[in-house]
Amino acid sequence: MDMQVSFLDRLFEAGLLIDTGVEGLYGRSGQFEDVIAAFERLIDRFGGADGAEAIRFPPGMNRAYFEKSGYMKSFPQLAGTVHSFCGCELDHVSLMKCMDEGGDWTGEQKATDIVLTPAACYPLYPTVAKRGRLPAEGGLYDLQSYCFRHEPSTDPARQQLFRMREYVCMGTQDHVTDFRQRWMDRGVQMMDAVGLTVEIDVANDPFFGRAGRMLANNQRDQNLKFELLIPVTSAAKPTACMSFNYHQDAFGTKWGLELEDGSTAHTACVGFGLERIALALFAHHGLDVKDWPAHVRKALWG
Ligand code: ATP
Ligand code: ZN
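Residues numbered from 1 in each chain as written. Chains lettered and ligands numbered in written order. Predicted model: local features only at pLDDT ≥ 70, side-chain atom pairs only at ≥ 80, totals over all residues. Heavy atoms only, no water.

Within an unreviewed UniProt entry, the label attached to the chain reads Amino acid--[acyl-carrier-protein] ligase, and the organism entered is Metarhizobium album.

Set out below in structure tokens:
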């Protein structure tokens with residue numbers, strides 16, 4: 001814990017992250033962003049030749065899609081919804097009065113059609129399903145989005161609004177599990193190129209509640225999720241900087257994703273936690289990129 005607070009303080013002092021008064025909600029300096037941009041170009045160098053279709057969604061998604069995704073069943077504690085004032089002038093008067101009196105003015109806010117995107121791939125599945133059957137070679141998509149998760153923390157690697165770069169693959173079981181394995185190998189190579197030591201381990205999502213514990217155990221037993229871990233604030237508890245997820249045909253069934261022959265698509269996604277990777281680089285190589293080892297600078301900036 002102390003390590004996390006002191007690293008966060010050092011990031012604030014160096015101006016790399018900017019305190020907003022809310023845990024896990026930070027501004028980023030130009031230098032911090034430059035590291036993320038450089039790392040994204042490295043991702044492009046490894047993945048660019050695969051011919052993925054690039055799509056960028058905003059950090060909010062259609063609430064109806066979100067509801068259908070089942071996110072509230074598995075991760076209600078992390079979700080963020082967008083609410084707005086939808087009243088008349090009279091309602092506005094009572095809103096102002098309530099705010100002046102320091103009351104809870106948020107109770108009257110109404111849910112809009114938008115929720116905050118919880119993972120970059122969530123808006124993709126319904127989008128692809130709407131297009132009809134996938135082509136014979138399957139589907140490959142390159143995504144990047146700010147994501148929201150309500151998990152306030154003093155660990156700078158656990159933010160509430162952070163960016164995820166993702167590749168998502170749709171096809172047969174063999175096709176998507178090969179894709180996942182390829183990115184596990186590439187992830188290790190990429191981190192090696194920027195001087196970070198990693199380990200890959202089986203993992204689970206933070207499913208809610210007692211029923212969730214069973215889902216988490218099942219996910220582990222079936223090797224559905226792996227994480228690439230890098231020490232950021234603790235050597236004993238390294239931070240998940242990438243994840244490699246095989247969804248079997250769960251999203252294919254939920255969204256009606258079909259292959260050319262009409263069978264249900266299997267899907268897999270690999271996610272890069274961009275802030276976490278930048279933080280791992282700053283933690284390992286120092287807070288000033290000018291002092292980073294030459295081979296790391298070369299891998300990032302050429
Ligand atoms: P964790 O186990 O650390 O909570 P997760 O398993 O929920 O992470 P995923 O859902 O797999 O994470 O998200 C993909 C990637 O996004 C993670 O590997 C990580 O790098 C990044 N990420 C997830 N949550 C956060 C967060 N709160 N702040 C910053 N990055 C995050
Ligand atoms: Zn995903």
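Once you've had a look at it, read on.
**Details of the environment of G271**
Put simply, the rule is: Secondary structure elements are taken from DSSP: a helix is a run of H or I of four residues or more, a strand is a run of E of two residues or more, and numbering for both begins at the N terminus. For every residue, the accessible area obtained with a 1.4 Å probe (protein chains only) is divided by the maximum for its type, and the residue is called buried under 20%, exposed over 50%, and partly exposed between those limits. Contact criterion: two residues are considered in contact whenever any of their non-hydrogen atoms come within 4.5 Å of each other.
With respect to the helices and strands, the residue G271 is situated in strand 12 (residues 266-273). What makes G271 buried here is its relative accessible area of 7%. Along the primary structure G271 and Y167 are separated by 104 residues, whereas in three dimensions their C-alpha atoms are 6.7 Å apart. Once residues lying within four places of it in the same chain are set aside, the contact partners of G271 are R165, E166, C241, M242 and S243.

**Considerations on the pattern of salt bridges**
What counts here: A side-chain nitrogen of Lys or Arg and a carboxyl oxygen of Asp or Glu constitute a salt bridge if their distance falls within 4 Å.
Applying the stated rule across the entire model yields 15 salt bridges. Across the pair E40 and R165 runs a salt bridge, and its minimum N-O distance is 2.8 Å. Linking E40 in helix 2 (residues 30-47) with R165 in strand 8 (residues 161-171), this pair joins segments that are 125 residues apart in sequence. For the pair E40 and R165, a shared accessibility class is recorded, and that class is buried. Measuring nitrogen to oxygen at the nearest pair gives 2.9 Å for the salt bridge that ties K225 to D205. Here K225, found in strand 10 (residues 225-230), pairs with D205, found in the loop between strand 9 (199-202) and helix 8 (209-221); they are 20 residues apart in sequence, far enough to count as distant. With a relative accessible area of 6%, K225 lands in the buried category.

**Points about the sheet that holds strand 6 (residues 110-116)**
Selection rule: We treat two strands as partners when DSSP finds at least two bridges between them. With axes taken as lines fitted to C-alpha atoms, and helix axes fitted only over the stretch in contact, angles between N-to-C directions fall between 0 and 180 degrees.
In space, the three strands of this open sheet follow the order 4-6-5, with antiparallel pairing throughout. On the outer flanks of this sheet lie strand 4 (60-62) and strand 5 (81-84), each paired with one strand and no other. Within this sheet the neighbouring strands show an average axis-to-axis angle of 50°, counted without direction.

**Observations regarding the site of ligand 1**
Note the following rule: Near is defined per residue: the residue qualifies when any heavy atom it owns lies within 4 Å of the molecule or strand. Polar contact is defined as a pair of N or O atoms within 3.5 Å, subject to the rule that within protein one atom must be able to donate a hydrogen and the other to accept it, and that residues adjacent in sequence are counted only when both atoms are side-chain atoms. Computed with a 1.4 Å probe, the accessible areas rest on the Shrake-Rupley method; for each residue, only the protein chains presented here act as cover. Classification convention: Asp, Glu, Lys, Arg as charged; Ala, Val, Leu, Ile, Met, Phe, Trp, Tyr, Cys, Pro as nonpolar; all other residues, Gly among them, as polar.
Ligand 1 sits among 17 residues. The nearest are R149, E151, Q159, K225 and S243. At 2.9 Å from an oxygen atom of ligand 1 is found a side-chain nitrogen or oxygen belonging to R149. With respect to ligand 1, the backbone of A240 contributes an N or O atom lying 2.9 Å from an oxygen atom. Relative to its free-state accessible area of 590 Å², ligand 1 is covered by the protein chains to the extent of 91%. Sorting the residues of the shell around ligand 1 by element identifies strand 8, strand 10 and strand 11 (239-246) as the ones contributing at least two each. For the shell around ligand 1, a count of residues per class yields seven nonpolar, three polar and seven charged.

**Observations regarding the packing of aromatic side chains**
Formally: To pair, rings of Phe, Tyr and Trp, with the six-membered ring standing in for Trp, must have centres within 6.5 Å; the planes then decide the type, stacked if under 30 degrees apart, edge-to-face if over 60, and tilted in the middle. Whether a charge lies above a ring is judged from NZ of Lys or CZ of Arg, which has to be within 6 Å of the ring centre and within 35 degrees of the ring normal.
Applying the stated criterion across every chain yields a total of 14 aromatic pairs. For the pair F12 and Y26, a centre-to-centre distance of 5.7 Å together with 65° between the ring planes defines the contact as edge-to-face. With F12 in helix 1 (residues 2-13) and Y26 in strand 2 (residues 25-28), this pair connects stretches of sequence that are 14 residues apart. Residue F12 is classed as partly exposed on the basis of its relative accessible area of 22%. Residues W292 and W301 carry aromatic rings whose centres are separated by 6.1 Å and whose planes lie at 45° to one another, so their mutual orientation is tilted. Taken together, F66, Y71, F75, Y122, Y125, F207 and F251 form an aromatic cluster joined through their ring pairs. Residue placement shows R186 over the ring face of W183; its charged tip is 4.7 Å from the ring centre.

**With respect to the coordination of the zinc ion (ligand 2)**
Defined as follows: With water omitted from the atoms examined, metal sites may look incomplete; donors here are N, O and S atoms no farther than 2.8 Å from the metal, or 3.2 Å in the case of Na, K and Ca.
At this site the zinc ion (ligand 2) is bound by C121 (SG), E166 (OE) and C269 (SG), with donor distances of 2.2 to 2.3 Å. Sequence spacing of the donor residues for the zinc ion (ligand 2), all on one chain, is C-x44-E-x102-C. On the criterion of sequence distance, the pair formed by E166 in strand 8 and C269 in strand 12 is long-range, its members being 103 residues apart. Like C269, E166 is buried.

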